[in-house]
Amino acid sequence: MIFISVEIFFLRAFMTFVETRQGILLNDIILSQLPAVDLSVPIFVLIYGVCIFTFLQLIKTPDNLIKAYLAYGVLILFRSITLYFVALEAPVNIIPLKDPLLEFAIYNNYTLMKDLFFSGHTATLVLCVLLVKAPVKKWIILITVLVAVMLLIQHAHYTIDVLAAPFFAWQSYVLVFKHKKATKLLKPILTKPRLRES
């Protein structure tokens, strides 16, 4: 509980910094060709639907569930770093993306508009793609592409935010699931003690 409280306090303070500083306004050729449409509801439903489904799949293998949480933690770290160093102004004609859960639980009912590079929604879905197995993987890939397009239609992100997201999701996955040193460090945590035979 103390850890969660500290994390929420940090996120609120960090996002306040991100939202109030001066950033760069990008000239996004693709966004300029797209009409701005509010798609917050379908985006919200698809993202949380995929996250819940992924959790239900991973809960069958606790080791992978723990690794998934760690990979998501690495992803959040990557995003915090890029948000700190890449200061951007909200795209022209942005329609703020409503996320009632995060806004209520973490952001004190404030809608963020400048947490841009890279797209956390796209990256989260890509990470889910990497975590699930066939045959559902292809459907989550389709949902990921659909959400990425909807984020652009809503002008909630620049094109570069969405295109960069899969790279960081992949790196987060590789660092936890494939990296030899990470696997070695996690082995004592993930290895269950065996009961002695009487």
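All values derive from a computational prediction rather than experimental measurement.

The rules we used
- Residues numbered from 1 in each chain as written.
- Predicted model: local features only at pLDDT ≥ 70, side-chain atom pairs only at ≥ 80, totals over all residues.
- Heavy atoms only, no water.
- Helix = DSSP H or I, 4+ residues; strand = E, 2+ residues; numbered from the N terminus.
- Buried < 20%, exposed > 50% of the residue type's maximum accessible area, 1.4 Å probe, protein only.
- Contact = heavy atoms within 4.5 Å.
- Phe/Tyr/Trp six-rings, centres within 6.5 Å; stacked < 30°, edge-to-face > 60°.
- Polar contact = N/O pair within 3.5 Å; in protein donor to acceptor, adjacent residues only side chain to side chain.
- 1 Å grid on protein atoms, 1.4 Å probe; cavity = no way out; pocket = protein on both sides within 12 Å on 5 of 7 lines; lining within 4 Å.
- Points joined across faces, edges and corners; volume = space filled by probe spheres on them.
- Nonpolar A, V, L, I, M, F, W, Y, C, P; charged D, E, K, R; others polar.
- Salt bridge = Lys/Arg side-chain N within 4 Å of Asp/Glu carboxyl O.

## Quick word on unusual backbone geometry
Across residues other than glycine, the phi torsion is negative in most instances, and most of the peptide bonds are trans.
Here comes step 1: Here the bond from Phe 117 into Phe 118 is cis, since omega is 5°, no more than 30 degrees from zero.
Here comes step 2: Within the secondary structure, Phe 118 sits in the loop between helix H5 (100-105) and helix H6 (120-131).
Here comes step 3: Going from Ala 134 to Pro 135, the amide bond is cis rather than trans, its omega being 5°.
Here comes step 4: Position of Pro 135 among the secondary structure elements: in the loop between H6 and helix H7 (137-153).
Here comes step 5: Even without being glycine, Asn 93 reaches a positive phi, approximately 65°.
Here comes step 6: Among the secondary structure elements, Asn 93 is positioned in the loop between helix H4 (62-85) and H5.
Here comes step 7: One non-glycine residue, His 155, adopts positive backbone phi at about 60°.
Here comes step 8: Following the sequence through the fold, His 155 ends up in the loop between H7 and helix H8 (159-178).
Here comes step 9: Judged by relative accessible area, His 155 falls into the buried class, the value being 3%.

## A closer look at the side chain of Glu 89
Here comes step 1: Here Glu 89 is to be found in the loop between H4 and H5.
Here comes step 2: Excluding residues within four positions of it along the chain, Glu 89 makes contact with Arg 21, Gln 22, Gly 23, Ile 24, Leu 25, Lys 114, Leu 116 and Tyr 158.

## Remarks on the packing of aromatic side chains
Here comes step 1: The tally for this structure, following the rule as stated, stands at 11 aromatic pairs.
Here comes step 2: Judged by centre distance (4.7 Å) and plane angle (15°), the rings of Tyr 173 and Phe 177 are stacked. Residue Tyr 173 and its partner Phe 177 are located together in helix H8, separated by four residues, close to a single helical turn.

## Overview of the side chain of Asp 99
Here comes step 1: Tracing the backbone shows Asp 99 in the loop between H4 and H5.
Here comes step 2: Among the polar contacts made by the side chain of Asp 99, one reaches the side chain of Tyr 48 at a distance of 3.0 Å.
Here comes step 3: When neighbours within four sequence positions are excluded, Asp 99 is seen to be in contact with Phe 44, Tyr 48 and His 121.

## Looking at the layout of surface pockets
Here comes step 1: In this structure, the second largest pocket spans a volume of roughly 240 Å³.
Here comes step 2: Along its surface, the second largest pocket is lined by Gln 57, Leu 58, Lys 60, Thr 61, Asn 64, Leu 130, Leu 131, Val 132, Lys 133, Lys 137, Tyr 173 and Phe 177.
Here comes step 3: Broken down by secondary-structure element, the contributors of at least two residues to the lining of the second largest pocket are helix H3 (40-58), H6 and H8.
Here comes step 4: Counted by class, the lining of the second largest pocket contains six nonpolar, three polar and three charged residues.

## Points about the pattern of salt bridges
Here comes step 1: The final tally for this structure, using the stated rule, is two salt bridges.
Here comes step 2: We note a salt bridge from Arg 79 to Asp 115, for which the minimum N-O separation is 3.5 Å. Of this pair, Arg 79 sits in helix H4 while Asp 115 sits in the loop between H5 and H6; the two residues are 36 residues apart in sequence, bridging distant segments of the chain.
Here comes step 3: For Asp 115, a relative accessible area of 16% gives the class buried.

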